[in-house]
Amino acid sequence: MEEKLLGRGSRPLYKDPLAIVIAVLCVIIFAWVLFSFRFVGIYVVGSSMEPTLSGAEKSYVAGGDYLYADSMAVPDYGDIVVVLKPNAKEYIIKRVIALGGDAVYIEQGTVYISYGNSGTFTALKEDYVLEENNDPFLPQNTYRSKSDPLIVPKGSMFLLGDNRGNRHAYSLDSRTYGPFTYDEMVGVVPRWSISAKSFFTGLYTFVKFGV
């Protein structure tokens, strides 16, 4: 009777299977809420980021990569970012080429940047751009000039797709829309999301398309 009154016969919570299951579920739910607050899921549509990312023909057709973008990250050179398409409630995904204060122009597929508009231009080495996706003779692959470069405004980014242009398709990016502001950015795609894109894509495809 004394042991019952003192609670000596009760099982510790860490040995109670139900308590353990509830604790684990609470941790998972809390982690998912935090993840959902910070990261935005993006389904890639179109071929503008090939070969880095594959996109479906349309948002309701399976076949594109699925990624997560970090809404709290600060973009840097070479990052892949998700932004809102101008005058449309639609996401597009591109690569950061230049940032505020930089001067940039493109000559027959080669991007030249003057960091901080120092006056010295450097040809950008882009291993992620395939030769067949960067036809130097297409009009869109020459943009502005060394004597009249684009000066990226402060708080903005000059973005390009990795598929610069061939006879089949090309990226609609800052060559068409101009620089994108940070306010138009949805998030930065972290490297781990790109590395795990096959896993995320398979999961997303199974849930949405049931294949």
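Check the entry above for the structure.
A. Up close: the overall build of the protein. For the protein, the helix and strand inventory stands at 5 helices and 11 strands. Burial statistics for the protein: of 211 residues in total, 37% are counted as buried. In the protein, once contacts between residues fewer than 6 apart in sequence are set aside, the share between residues at least 24 apart is 63%. With an accessible surface of roughly 12700 Å², the protein has 58% of that area assigned to carbon and sulfur atoms.

B. Spatial organisation of the sheet that holds strand E5 (residues 103–107). In spatial order, the strands read E7-E6-E5-E8; together these 4 strands make up an open sheet with antiparallel pairing. The two strands at the open ends of the sheet, each matched to only one other strand, are strand E7 (122–123) and strand E8 (150–151). Across 2 bridges, the pairing between strand E6 (residues 110–114) and E7 is antiparallel. Directly across from Tyr112, in E7, lies its bridge partner Ala123.

C. Up close: the packing of aromatic side chains. The tally for this structure, following the rule as stated, stands at 12 aromatic pairs. With 6.2 Å between their ring centres and 75° between their planes, Tyr177 and Phe180 make a pair best called edge-to-face. You can call Phe180 buried: its relative accessible area is 1%. Grouping aromatic residues by their ring pairs yields a cluster made of Phe39, Tyr43, Tyr66, Tyr68, Trp192, Phe199, Phe200 and Tyr204. The ring of Tyr128 is capped by Arg95, whose NZ or CZ atom sits 3.8 Å from the centre of that ring.

What counts as what
Residues numbered from 1 in each chain as written. Predicted model: local features only at pLDDT ≥ 70, side-chain atom pairs only at ≥ 80, totals over all residues. Heavy atoms only, no water. Helix = DSSP H or I, 4+ residues; strand = E, 2+ residues; numbered from the N terminus. Buried < 20%, exposed > 50% of the residue type's maximum accessible area, 1.4 Å probe, protein only. Contact = heavy atoms within 4.5 Å. Areas by Shrake-Rupley, 256 points an atom, 1.4 Å probe, with all protein chains shown as cover. Pairing = 2+ DSSP bridges. Phe/Tyr/Trp six-rings, centres within 6.5 Å; stacked < 30°, edge-to-face > 60°. Lys NZ or Arg CZ within 6 Å of the ring centre and 35° of its normal.

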